[in-house]
Amino acid sequence: MLIIGNGGAAIHAVTAARGSGFEGEIHMVSDTAGPAFNPMLAPYFLKGALSWKHCFPFGRDFYQNHDVTCHFGSPVEHLDAPNKSVLLHNKNRISFDKCLIATGASAILPPVPGLRDSPYAFPLRTADSTIRIQKAMESAKKVIVLGASLVGVKVAEILNKRKADVVLLDVAAQMLPRGAHPLAAAKLRSYFEKHGIEVRIGCGLEGMDQGSEGVCCFFPDQIMEEADFVAVCAGIQPNLQFIDPAELQIDQAILVDDHMQTSVNDLYAAGDVCQAMNRLTDKHEWLGTWGNACYQGRVAGLNMAGEMTSYEGAIPQHISPFFDWIYAQIGDVNRQGRNISTVISGEPEKAGGYRVLVYDKDVLVGANCINGLENIGAIKKAITMQTSWDPIEMKSNCIADGLLRGSVFRHHNSSNHM
Amino acid sequence: MALNKTLLKINKIPGDETGIEIKKTICGICEGSTTSCGVNAYIKDGRVIKVEGMPEFPQNQGTLCAKGNASRQYIYNKERILAPLRRVGKRGSSDFEEIGWDEAYDTIAEKLLQIKAETGPESVVFGAGFTKWLRPFAQRLGISFGSPNFATESSTCFFATEVAAKLTYGYWGGPDLSNSGCLLVWSKNVFFSATPLAKKLISAWKNGLKIIEVSPMATHLTRYADVRLGLRPGTDGALALGMAHIIIKEGLHDAKFVAEWTTGFDEYTAYVEKFTPEKTAAITGVPASFIKRAARLYAGANASSIMTSASPTVHHTNGVQNHRAIIALCGLTGNFDRPGGNYVVPETWNHVGTGVTTRHHEFTFPRSFDEMPPRVGADQFPIWTSLINESQSMYLPQQILSQKPYPIRGLVAFGYNHRMWPGSDVFLKALGKLDIFVDIDLFMTDTARQADIVLPACSSFERSQLHFYPGNHVIYTQPAIDPLGESKPDSEIIFDLAKRIAPDDDLMQHGYEACLDWVLKPAGLTVEQLKRHPSGLTISNASMPPYRKYEEGGFPTPTGKMEFVSSLLRQAGIQPLPVYNEPALSPHSEPVLAEQFPLVLGTGTRLPMYMHSRTFRNKWNRDLHPHPTITIGSRDAASRGISDLDDVILATPRSSMQVKARVTDTICPGVVNIYHGWSEIEVNHLFEPDYLDPISGFPGFKSLLCEVKKVLH
Amino acid sequence: MDKKLAFWFDIADCSGCLACVVACQDQNDFKAPDMALRQVSSLEKGEYPATIANISLACMHCGDAPCLMVCPTGAIFRHNATGVVDVNRDICIGCHSCEMACPFGAPKFAQDGKMIKCDLCITRIENGMKPACVHTCTTGALRFGYIDDLAAEKTRSASIKILESSKEK
């Protein structure tokens, strides 16, 4: 068994395979050195919320404990799918019976003139890039954050808390363009601006160059601004460079079936590099989250070990603290159509929080909430199960009440006869 | 090791390692034969850090309700009064100054003795709110002072059922549950208000007990009930008479018992003739088939018993007669004082019956009422006065205001809540007329704010208290912690006052525990002995009274028999049969008014986290139900444009208030409920002060007319 | 894992008395408004007289806990001996991923922003006591035990029910 990659999916594949009783050789190939890193933890490390050691949640001993042969610091040059082998950068070749591609994704460097080779461009994804940006943050007084993505928004908060001037940029018409409802995004924008972060939406970066003391950034309308560095948070793309696209079905990422198998037998993919089923749309969608990677890795590992099991699929979802708020987006809040109704209630600072709920007929398909998230897991489950909500039938239901009214009562502790 | 010790500490594990000790006590939030749960108080450095039910205590067997679990928020509430207070501002202001206990006592004694000298000791009323454990001492204090007036919350709770029982049987008892085949639960929500019964009831049901539930709402009990009779509030009498009609018609009554041991059966039979199932259904709203099923089930079982509650059947203007009709079913079917029926167990102490005899009655009444001036309410409620050993508190405001038949100038109250009175604004006004009002409480309540002197009492965790329980269990608790600040147990306050205002009461001069020993003498128990049993003691050789006591010397009624036709009522010129009358304000009795106020209002329906007005200051309890609400059915709500949680105005002819609506179909259509204990709204302003049962003086709290309108924002 | 512990909850007997909620708050000294690790919801169904089902939920200590899977730092872990799912607050970063993953609303967040959850009162159990909520339950709807024992008990009562109903026929 060969695993290309050393992240959440890879680790869970190993755990599942060994747990299932697989006793054969497991080889792991990775371009990085050292234990598995969780990119989700990078902002928390930069915030000071956890130590560097804990950014590697599985530890150093994992590989020995699970009898994994490691080829670290050995990026894969080429995957020969029909012949079941990989060619490593150091010219070694490894053959396999089954292979899992779990190479994850990398930060996109958008095609802004001057960005790609600029020493002032700081993406945030890997362990190395985290250390690099941490150094840059130490003395930074002004930073341009390129991309109001989930990562970008977090980086903006971190810099703001360090008392740097922050400009948060996105070409889209709102913050969090991928998953947020425009009204919720607007609330978030006001909140960030209240903290002194300058939010420029519908605004792109047109170029970067060496400045007098840092970087010089070029904006529309011939505006030029100097900054200490640019944090590049413009999204991620799957690491597919070693794959011949003719050999494998790839859409935005590698397409996989319910068993995490690609279009090629004995070749599996899991994690941010793959595109599995979105339960809401019944289409394959690229939904890269740590949780998905872990579950997908487990399913892949079990199937590779001979235990047939299916992946349940996932829906888009995200939850994060931003300053003193907790923000959550689930499912499809921007769906359009004749049967769509949107229920908006509450305020982030009021009891029950702010809720945008999107129904397609009577099925809840999306939720965008700020604070008051005690039931968010149940809401997510409801969206996943495509539950229909008949208000008459489900009266006094705590979730229904909360969803429909978001009001003063805390429904998760209610006497049955009030 | 260190990690382990930290875990033990965080998790409050008792033992030497953590220095946490368990002390035994009882919860004082609810009192009575079905509550007063045994509690393990976890003590560290003289503070309670956790509570839980005492597993070995037979009453509650380790369980404890939402109110008891919040005990720490009650005991350590920052609103606790910690020193005696004297009012320096206007009545009703919060202008008080702290004084010493001696000064407080001296002030009180001086004034009371002055009033006694000027207009007689009867001008001073002694009283208590819900609290019961202190009553024998407080009542004796008053009597030894010379006043016959002991005015308590029992003027609106429980005692009217005693009146009904005494008028009919002379005495009464609770269900002999372990031997019952069928239990008729008439308006009691044990799962909220008497949780020690919850497991016992469920267990009995699982072992085959059939349950009939009478209630205007579906409750948790409904799940176990064979049949639920969802009646319009206030029509209980009609329902009971309707059941009697079927029982007699189908020959299901105990003809032998009726012939040998009752009077008035013929008149009773003639009267219930008109309560056909159809007529009864028309009055009560309960389907005729349900009434038949219930009657047959109750009368047909091997042994059936009736479980009633302290007030829902008697909180009506026709309450006593309602209740008489209900309990008459017991004798009618031969279920009185027999195994599995309603079993009469004489009172041992504080309205709890066990097989133990004490001198509680002799202690409480060192003098007979005949030797003292008539009590408050004696003229207005003669039946009450002849059968109950207290004043009728409902007349107290009127007597204070009118000064007739004699002035009331002083009031010494152990935890009064003026909101208990119907038309409670009138009682508030009356309090302002007193020469001296002493209120003893843990908190500066709105009532205490009217007082001249407020004395700080303490919780059950801070005092010693004697309590008996069904099953012959007895406990004399020891304080789990010292009283907070300068607060004192009410008992201590009573005996301190006795030194000053009742110096001739020799027994009281010997103190609290001496009195308890005196009371317990016939039982062969002593305080010292009880102190050696912190979890209490089960007196296994207590001899329970025999069943069918009436076979030896008859019933304690004028005729010596069970009275379908009450001699005492007849004597008083009141209808002696348990007749049915509509509540004074009902859709049937006041159809014109009902056009404006079409809904039937019941107040006081129990909530699991509140007990009267007691636990609102406990945050954990308050969070569970933070706002005053009414419950209303979906049809009644829909026709008024009301959705769940809308702001609404609840209005009766006398008053109105804004609350939130909870729409639920557990409640009867046409009926609305509201809990009574809120201090931010005035529920009892909804009632006129004279909206009372003429026989008992009890307010008609559970049947009134109202309307609900949505508030348009 | 030696023997897995679990809560047992009989929805038929829960009266919605809310004692379990307050017992948990008292055990854990919660001060924040409305903070409890156990929640009771009421579901009403039907026209008058409607039926009410009360559901008391804390952490289910799931055999395959989603919170454990999605926790990015591995702060959420399982006690080997009992299967109890617990959190190491020293490495919790307060990301709320677990809150999103749990369909029962078990993960809560304390004033310090870190996750706090029901741990089945495991330390009380290890010292011969019951979880605080189980100890107080007024109807006996809430119990706890080893999952094998609880399953056997459930099978036994189900068998008795089947036998009794077939007798009636």
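Residues numbered from 1 in each chain as written. Chains lettered and ligands numbered in written order. Predicted model: local features only at pLDDT ≥ 70, side-chain atom pairs only at ≥ 80, totals over all residues.

K.L.:
Can you tell me about the overall build of chain C, naming the residues and giving the values?
P.N.:
When helices and strands are tallied, chain C shows six helices and eight strands. When the helices and strands of chain C are placed in sequence order, the string is β-α-β-β-α-β-β-α-β-β-α-α-β-α. Dimensions of chain C along its principal axes, counting C-alpha atoms only, are 60 × 40 × 30 Å. For chain C, buried positions account for 52% of its 169 residues. Contacts spanning at least 24 positions in sequence make up 56% of the contacts within chain C whose residues lie at least 6 apart. (Helix = DSSP H or I, 4+ residues; strand = E, 2+ residues; numbered from the N terminus. Buried ≥ 20, exposed ≤ 12 C-beta atoms within 10 Å, placed from the backbone. Contact = placed C-beta atoms within 7 Å.)

K.L.:
Quick rundown of helix 4 (residues 127–139) of chain A? Include the residues and the values.
P.N.:
All names here are of chain A. The complete set of buried residues in helix 4 reads A127, T130 and I133. Buried residues of helix 4 fall within an arc of 120° about the axis and therefore sit on the same side. Of the exposed residues in helix 4, the ones pointing more than 90 degrees away from its buried face are D128, K135 and S139. Its buried side turned inward, helix 4 meets helix 2 (42–47), strand 9 (121–123) and strand 16 (229–232). (Arc of directions from axis to C-beta.)

K.L.:
Requested: an account of the sheet that holds strand 12 (residues 198–201) of chain A, with residues and values cited.
P.N.:
All names here are of chain A. One open sheet accounts for five strands, arranged 9-16-10-11-12; its pairing is parallel. Each edge of the open sheet is held by one strand with a lone partner, namely strand 9 and strand 12. Averaged over neighbouring strand pairs, the angle between their axes works out to 20° when direction is ignored. The pairing of strand 9 with strand 16 spans three bridges and is classified as parallel. By the bridge assignment, A121 is partnered in strand 16 with V230. Contacts from helix 4 reach strand 9 and strand 16, with the element oriented near 135° to strand 9. (Pairing = 2+ DSSP bridges. Axes fitted to C-alpha atoms, helices over the stretch in contact; angles between N-to-C directions.)

K.L.:
Describe the interface of chain B and chain C, listing the residues and the values that go with them.
P.N.:
Residue-level contacts link 40 residues of chain B with 34 residues of chain C. Broken down by secondary-structure element, the contributors of at least two residues to the side of chain B that touches chain C are helix 1 (2–10), strand 3 (47–53), helix 6 (190–193) and helix 7 (196–206) of chain B. With four residues, the top contributor of residues to the side of chain B that touches chain C is strand 3 of chain B. Looking at the side of chain B that touches chain C residue by residue, the class counts come to 19 nonpolar, 12 polar and nine charged. (Nonpolar A, V, L, I, M, F, W, Y, C, P; charged D, E, K, R; others polar.)

K.L.:
Give a description of the environment of Q249 of chain A that names residues and reports values.
P.N.:
Residue and element names in this part refer to chain A. The topology assignment puts Q249 in the loop between strand 17 (236–238) and strand 18 (254–255). A residue is classified by how many C-beta atoms lie within 10 Å of it, and Q249, with 13 of them, is partly exposed. Along the chain, Q249 and T262 lie 13 residues apart, while their C-alpha atoms are 7.2 Å from each other. Those residues in contact with Q249, other than ones at most four positions away along the chain, are L255, T262 and S263.

K.L.:
Outline the nonpolar core, supporting the account with residue identities and numerical values.
P.N.:
One finds L100, V145, V230 and A231 of chain A to be the most contacted residues of the largest nonpolar core, which totals 404 residues. In terms of residue count, helix 8 (residues 236–249) of chain B provides more of this core than any other element does, nine residues in total. Residues within four places of V230 of chain A in sequence aside, it is in contact with Y120, A121, F122, I144, L146, M208, V215 and C217 of chain A. (Core = buried A, V, L, I, M, F, W, Y, C linked by C-beta atoms within 7 Å.)

K.L.:
Please provide a residue-by-residue account of the domain arrangement of chain B, values included.
P.N.:
Residues and elements named next belong to chain B. Parsing chain B into structural domains produces domain 1 (2–75), domain 2 (85–156 + 357–476 + 485–538), domain 3 (173–343) and domain 4 (591–710). Inter-centroid distance (C-alpha atoms) of domain 2 to domain 4 is 31 Å. Residue-level contacts link 22 residues of domain 2 with 17 residues of domain 4. When contributions to the side of domain 2 that touches domain 4 are tallied by element, the ones reaching two or more residues are helix 15 (382–387) and helix 17 (424–431). The dominant element in the side of domain 2 that touches domain 4, judged by the number of residues it contributes, is helix 17, at three residues. (Domains from an automatic or database assignment.)

K.L.:
Quick rundown of the interface of chain A and chain C? Include the residues and the values.
P.N.:
Taken together, the contact between chain A and chain C spans 37 residues of the former and 32 residues of the latter. Those elements that provide at least two residues to the side of chain A that touches chain C are helix 7 (290–304), strand 22 (317–322), strand 23 (325–331) and helix 8 (376–384) of chain A. Residues that form the side of chain A that touches chain C fall into these classes: 17 nonpolar, 15 polar and five charged.

K.L.:
Could you give an account of the sheet that holds strand 3 of chain B, with specific residues and numbers?
P.N.:
Residues and elements named next belong to chain B. Reading across from one edge, 1-2-3 is the order of the three strands in this open sheet, with antiparallel pairing throughout. The open sheet has two edge strands with one neighbour each: strand 1 (21–26) and strand 3. For this sheet, the mean inter-axis angle between neighbouring strands, taken without regard to orientation, is 30°. The sheet contact formed by strand 2 (residues 38–44) and strand 3 spans six bridges and is antiparallel.

K.L.:
Tell me what's going on with the pairing of strand 13 (residues 207–210) of chain A, and back it up with residues and numbers.
P.N.:
All names here are of chain A. One ladder, built from four bridges, connects strand 13 with strand 14 (residues 215–219); its direction is antiparallel. The partner of M208 across the bridge, within strand 14, is C217. From the end of strand 13 to the start of strand 14, which pair antiparallel, there are four residues.

K.L.:
How would you explain helix 12 (residues 288–300) of chain B if you had to name every residue and give the values?
P.N.:
Residues and elements named next belong to chain B. Taking 1.5 Å per residue as the helical rise, helix 12 with its 13 residues ought to reach 18 Å, and the 18 Å between its terminal C-alpha atoms agrees with that figure. Along helix 12, the positions that sit buried rather than exposed are I291, A294, A295, Y298 and A299. Along the axis of helix 12, the buried residues cluster in a sector spanning 115°; they form a single face. (Expected span 1.5 Å × (residues − 1).)

K.L.:
With reference to specific residues and values, describe the environment of E582 of chain B.
P.N.:
All names here are of chain B. Along the chain, E582 falls in the loop between helix 22 (567–571) and helix 23 (591–596). Of the residues examined, E582 has 20 C-beta atoms within 10 Å and is grouped as buried. As a C-alpha pair, E582 and T6 span 576 residues in sequence and 65 Å in three-dimensional space.

K.L.:
Go over the pairing of strand 21 (residues 473–476) of chain B with me, naming the residues and quoting the values.
P.N.:
Residue and element names in this part refer to chain B. Neither face of strand 21 is open: one carries H473 and I475, the other V474 and Y476, and all of them are buried. Sheet topology note: the strand 20 (residues 466–469)/strand 21 ladder contains four bridges and is antiparallel. Counted as the bridge partner of Y469 is H473 from strand 21. The turn joining strand 20 and strand 21, which pair antiparallel and follow one another in sequence, is formed by three residues; a positive phi near 95° is taken by G471.

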